[in-house]
Amino acid sequence: MADDSLTQAEYIRHHLTNMTFGQHPDGSWGLAHSSAEAAQMGFMAIHVDTMFWSVLLGAVFLFFFHRAARSMSADTPSGLQNFVEWIVEFIDTSVRGSFTAKNDMVAPMALTLFVWILLMNLMDLVPVDWIPHFTGWMASLLFDADPHHVYMKVVPTTDPNATFGLSLAVFALVIFYSIRMKGPAGFAAELTMHPFEANNVVLKIIFLPINLFLEGVSLLAKPVSLALRLFGNLYAGEMIFILIALMYGGNFILALFGGVLQWAWAVFHVLIVLLQAFIFMTLTIVYLDMAHSHH
Amino acid sequence: MNINLTLIGQSITFAVFVWFCMKFVWPPIMQALEERKQKIADGLAAAERGVKDQELAQAKAVETLQEAKEQARTIITQAERRHAEIVEQAKDDAKEEAARIVAAAHAEVEQEASRVREELRGKVVDLALVASSKILEREVSVEDHNAMLEKLSASL
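Residues numbered from 1 in each chain as written. Chains lettered and ligands numbered in written order. Predicted model: local features only at pLDDT ≥ 70, side-chain atom pairs only at ≥ 80, totals over all residues. Heavy atoms only, no water.

**Student:** Sorry if this is basic, but what is going on with the interface of chain B and chain A here?
**Tutor:** For an interface, size is often stated in terms of accessible area lost upon the parts coming together. Contacts between the two partners involve 29 residues from chain B and, on the opposite side, 55 residues from chain A. Between chain B and chain A, roughly 3,700 Å² of surface is buried when both sides are summed, and carbon and sulfur atoms account for 74% of that area. The interface formed by chain B and chain A holds one salt bridge in total. A salt bridge links Glu85 of chain A to Arg36 of chain B, with the shortest nitrogen-to-oxygen separation between them at 2.6 Å. Where chain B touches chain A, the interface holds nine residue pairs in polar contact (both at pLDDT 80 or more). (Contact = heavy atoms within 4.5 Å. Buried area = accessible area lost by both parts, 1.4 Å probe. Salt bridge = Lys/Arg side-chain N within 4 Å of Asp/Glu carboxyl O. Polar contact = N/O pair within 3.5 Å; in protein donor to acceptor, adjacent residues only side chain to side chain.)

This is the structure we're talking about:
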């Protein structure tokens, strides 16, 4: 529902701005009151909404899974345990399918990635105005703040910080295990001796910069593509929900059509939500497998 | 859409979540799944063993039955043979007995016949004596005619 006091552009911008905590130009610390202010805060600022929702959803995931794990029994499972087992076995099969080395960290990490990202993505299905409006209302009630300057972005995966945070952590693991499994020399060789190979030393030296460039690009492309794929899909999905929500500001027919559209898009979006979580997990497994394997 | 500290915050959060999951969530679940797998495998093995045992028992039962039948057949054969023997023996005994009785009867008849013959012989002598005395009209003295009578009696 587009607020009457907001233009459509303002409405959209309001929805796309994070609640940012950082230092104001005057030196005081606090929340940004506009997207321009948030941009001014630079790197030393934090998105309160992204952190809050991602930590909350991660905690929900770990709470339920931990509860199921504690009361786990080898007998006939029921309810929560059944559900948890189903997911865990699905992840385990995926990991066994694409990860050939031995590493006890990969499977739990895949599980965390999949469920966490899935939950964060699912926030996209909450009607776009509910939580931001509620937050604005609470803020105006408690702190006498102007709701139009209280920002709340509910879907952490539409914040590139979240997706890059994940992919860079994965990237760090890829580098770590590459060096650990192959040694610094082995890793360096992997970056410089492929894809152009030669047996003679002169040619090797000639190929070295070319190989380093190609391998370096493909190495760096991993975290970037991982993060941007997830972010792009979810951001686009969120954007469409926001655009559909604009229709509620029009007449009755338009609003009704908007309702139908929102439902249809939500149904389709469930697929994207699941698929993106799965892709992120699978690619992480594959990248880690590549880090473990020798050429 | 600014890149800021959230990036690092997310990475740290992720690391903590993965650590927690790896420590407290994944191992107990996998352990329980393994345990169940083992249990099912054991159950299947036990079932298979049961089937095999049952098969063995059945084979054994069939064997026992066969043995019993064999034994029964042997016993019957023995009994039949014994029966035949007894019948044969009885027949032999009866034949012997019959022969004995026949022989005894024969002997008796023989004895009777010779006794009767003796008697007849005596009677004939007497008769001859009476007849000859009638013919001669006088008594034939035994002492006088003993020799003649003896000759007569021997010729009869």
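So that's the structure; there's more coming.
**Student:** I'm lost on a negative patch on the surface in this one. Help?
**Tutor:** Residues and elements named next belong to chain B. A contiguous patch of negative charge, built from Glu88, Asp92, Asp93 and Glu96, is present on the exposed surface. For Asp93, the location among the structural elements is in helix α1 (residues 6-136). A relative accessible area of 44% places Asp93 in the partly exposed class. (Patch = residues over 30% accessible without salt bridge, like charges linked within 9 Å, V, L, I, M, F, W, Y side chains within 5 Å. Areas by Shrake-Rupley, 256 points an atom, 1.4 Å probe, with all protein chains shown as cover. Lys, Arg positive; Asp, Glu negative; His and termini not counted. Charge placed at Lys NZ, Arg CZ, Asp CG, Glu CD. Helix = DSSP H or I, 4+ residues; strand = E, 2+ residues; numbered from the N terminus. Buried < 20%, exposed > 50% of the residue type's maximum accessible area, 1.4 Å probe, protein only.)

**Student:** Where do I start with the sheet that holds strand β1 (residues 20-23) of chain A in this structure?
**Tutor:** Strand-to-strand pairing in sheets goes through backbone hydrogen bonds, with the strands running parallel or antiparallel. Residue and element names in this part refer to chain A. On the basis of which strands lie adjacent, the open sheet formed by three strands has the order β2-β1-β3 and antiparallel pairing. Edge positions in the open sheet fall to β2 (29-31) and β3 (45-47), since each of these has one partner strand only. This sheet shows a mean twist of 15° between the axes of neighbouring strands, independent of strand direction. Pairing of β1 with β2, which is carried by three bridges, proceeds in the antiparallel orientation. Bridged to Gly22 within β2 is Gly30. (Pairing = 2+ DSSP bridges. Axes fitted to C-alpha atoms, helices over the stretch in contact; angles between N-to-C directions.)

**Student:** Would you mind showing me how to read the nonpolar core here?
**Tutor:** Note that soluble globular proteins tend to have their nonpolar side chains buried in a common cluster. Counting residues in each nonpolar core, the largest one holds 62 residues, and the members touching the most others are Phe65, Val88, Ile91 and Leu111 of chain A together with Phe14 of chain B. For this core, the element with the most residues is helix α5 (residues 106-122) of chain A, which contributes 12 residues. In contact with Leu111 of chain A, other than residues within four places in its own chain, are Phe61, Phe65, Ile87, Val88, Ile91 and Trp116 of chain A together with Cys21, Val25 and Trp26 of chain B. Within the second largest apolar cluster, 15 residues are counted, among which are Leu6, Ile12, Ile244 and Leu246 of chain A. (Core = buried A, V, L, I, M, F, W, Y, C linked by side-chain atoms within 4.5 Å.)

**Student:** Can you walk me through the packing of aromatic side chains in this structure?
**Tutor:** Both the distance between ring centres and the angle between the ring planes are used here to describe each pair of aromatic rings. Under the criterion given, the structure shown has 17 aromatic pairs over all chains. An angle of 75° between the planes, with centres 5.3 Å apart, marks the rings of Phe63 of chain A and Phe64 of chain A as edge-to-face. Seen from their ring centres, Phe20 of chain B and Phe24 of chain B are 5.1 Å apart, and the 50° between their planes marks the pair as tilted. With Phe20 of chain B and Phe24 of chain B both in helix α1 and four residues apart, this pair spans about one turn of that helix. (Phe/Tyr/Trp six-rings, centres within 6.5 Å; stacked < 30°, edge-to-face > 60°.)

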